[in-house]
Amino acid sequence: MHPLELPFSRSRHDRAAHRRAEPDLVARSLAAPTTRVLVLHRGRVAVVDPEAPRAALVGPGAAPDGLGLFLGEHDGAALLAVVVPDGDEDPAPPPGSDAWAGLRDVAGAQLAALESGDEAAELAHGLAVEAVALAGWHATHPVCAVCGTPTQVGQAGWERRCPVDERRTYPRTDPAVIMAVVDDADRLLLGHAARWPAGRYSTLAGFVEAGEALEDTVRREVAEESGVLVGSGAGDVVYRGSQAWPFPASLMLGFRARAVDTRVRTDDEEITDARWFTRDELSDAVTRGEVGLPGRASIARALIEEWFGAELPGAW
Ligand SMILES: [Zn+2]
């Protein structure tokens, strides 16, 4: 099996982590005319073309005041994010951009550009994923977790430091597993969550708990949500790929899992229905509009289509 093609795990730039300790790296980069800046506000990025939004990379002269973050380098140019502080009103998008857009909106419209080999779009998209994740961490970690003192930004945006006890914290990523569960008849298990509109189905997923190995999370989440038991033998849980999902801080780890007991007993709280689909059943249900599948930017979609062996119509 080839690795999954995942839109949120594409990037073209070098994070250049070795440079983050350089003194005044953000300020010096903002003074260099070759630097390119991604501008963010409230988790959204400045984009060009609101009809088919793509993250905008503007020159340093167009960057507003805000929290500067070093994202890396590309072709010798520094790449920054600037996060505009929250105010009462939305600021105007910076010169060289047209609007603000959420990352999922950008991802949807940007897939076509990625597929057509548009390197500039792919560069901007990878930077946007990194910037939204990093900015989200800063927004939710303003104080020291031990003593409550407001923390200071260091390492060009890659750490926060408590001035009282010197405690350092680093951007958090929360691992979550998501799995295509398949039985020995090659049917796929999909679930319907209580919070979703009728007809929406996707692969099961859940967060890794403290002290838990990924394979155990896969087995536990499938059993909790659907009652189906996944095997614990060699090859019963196989890693397929990952992508960042910074809504707000997840890393989605995709697996294929083999069911050894296919009886469905949903928990009726988080998951209210779980069903086994043959390829024909899923294709028919999607074509008739009875089942809606997750969006094309998601790893769930990639796992489902990998099992199906082709693209499927429809998405929510
Ligand atoms: Zn402290």
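Residues numbered from 1 in each chain as written. Predicted model: local features only at pLDDT ≥ 70, side-chain atom pairs only at ≥ 80, totals over all residues. Heavy atoms only, no water.

Moving on: the overall build of the protein. Scanning the protein for helices and strands turns up six helices and 16 strands. Taken over the C-alpha trace, the protein has a radius of gyration of 22 Å; the compact-globule value for 316 residues is 20 Å, and the two agree within 12%. The buried share among the 316 residues of the protein stands at 49%. Long-range contacts, defined as pairs at least 24 residues apart, comprise 63% of the intrachain contacts of the protein with a sequence gap of at least 6. Put simply, the protein shows about 14,800 Å² of open surface, and 50% of that area lies on carbon and sulfur atoms. Taken as two groups, the 31 positive and 48 negative side-chain charges of the protein have centres that lie 2 Å from each other. (Helix = DSSP H or I, 4+ residues; strand = E, 2+ residues; numbered from the N terminus. Rg over C-alpha atoms; globule rule 2.2 N^0.38 Å. Buried < 20%, exposed > 50% of the residue type's maximum accessible area, 1.4 Å probe, protein only. Contact = heavy atoms within 4.5 Å. Areas by Shrake-Rupley, 256 points an atom, 1.4 Å probe, with all protein chains shown as cover. Lys, Arg positive; Asp, Glu negative; His and termini not counted. Charge placed at Lys NZ, Arg CZ, Asp CG, Glu CD.)

In terms of burial, strand E10 (residues 174–182) is a largely internal element, seven of the nine residues being buried. Here nine bridges tie E10 to strand E15 (residues 250–261), and the two strands are oriented parallel to one another. The residue of E15 that forms the bridge with Ala180 is Arg256. Of the pairings in the sheet, the one linking E10 to strand E12 (residues 204–207) comprises four bridges and is antiparallel in character. From the neighbouring strand, Met179 faces E12, where its bridge partner is Leu204. Here E10 pairs with strand E11 (residues 188–193) via two bridges, running antiparallel. Bridging from a neighbouring strand, Val181 pairs with Leu189 of E11. Counting the residues in the hairpin turn of E10 and E11 gives five residues, including Asp186, whose phi is positive at 65°. (Pairing = 2+ DSSP bridges.)

Per the UniProt record, "domain: Nudix hydrolase" (unreviewed entry) is annotated on residues 171–299. Span residues 171–299 is 18% helix and 38% strand, its end C-alpha atoms 22 Å apart. (UniProt positions renumbered as here; feature names shortened; annotations may be inferred.)

All right, on to the layout of surface pockets then. With a probe scaled to a water molecule rolled over the atoms, the places where space remains empty come into view. Here the largest pocket defines a volume of roughly 850 Å³. In this structure, the largest pocket is lined by 34 residues; those nearest its centre are Arg195, Trp196, Ala205, Trp245 and Met252. Ranked by the residues each element gives to the lining of the largest pocket, the list is headed by E12, at four residues. A class-by-class count of the residues in the lining of the largest pocket yields 18 nonpolar, nine polar and seven charged. (1 Å grid on protein atoms, 1.4 Å probe; cavity = no way out; pocket = protein on both sides within 12 Å on 5 of 7 lines; lining within 4 Å. Points joined across faces, edges and corners; volume = space filled by probe spheres on them. Nonpolar A, V, L, I, M, F, W, Y, C, P; charged D, E, K, R; others polar.)

Below, the discussion takes up the side chain of Ser29. Relative to the helices and strands, Ser29 resides in helix H1 (residues 25–30). Leave out the neighbours within four places in its chain, and Ser29 touches Thr35, Ala78 and Leu80.

Turning to the side chain of Arg240, a few remarks are in order. Note that Arg240 resides in strand E14 (residues 237–245). With a relative accessible area of 8%, Arg240 lands in the buried category. Of the polar contacts made by the side chain of Arg240, one reaches the side chain of Glu306; its length is 2.5 Å. (Polar contact = N/O pair within 3.5 Å; in protein donor to acceptor, adjacent residues only side chain to side chain.)

The next thing to look at is the pattern of salt bridges. Under the counting rule described, the total for this entry stands at 28 salt bridges. Between Asp186 and Arg279 there is a salt bridge whose closest N-O contact spans 2.9 Å. In this pair, Asp186 sits in the loop between E10 and E11 while Arg279 sits in helix H5 (residues 279–287), placing the two residues 93 residues apart along the sequence. The partly exposed category is assigned to Asp186, whose relative accessible area is 32%. The exposure class assigned to Arg279 is partly exposed, which follows from its relative accessible area of 30%. A network of salt bridges, in which partner residues are shared, links Glu209, Glu212, Arg220, Glu221 and Glu224. (Salt bridge = Lys/Arg side-chain N within 4 Å of Asp/Glu carboxyl O.)

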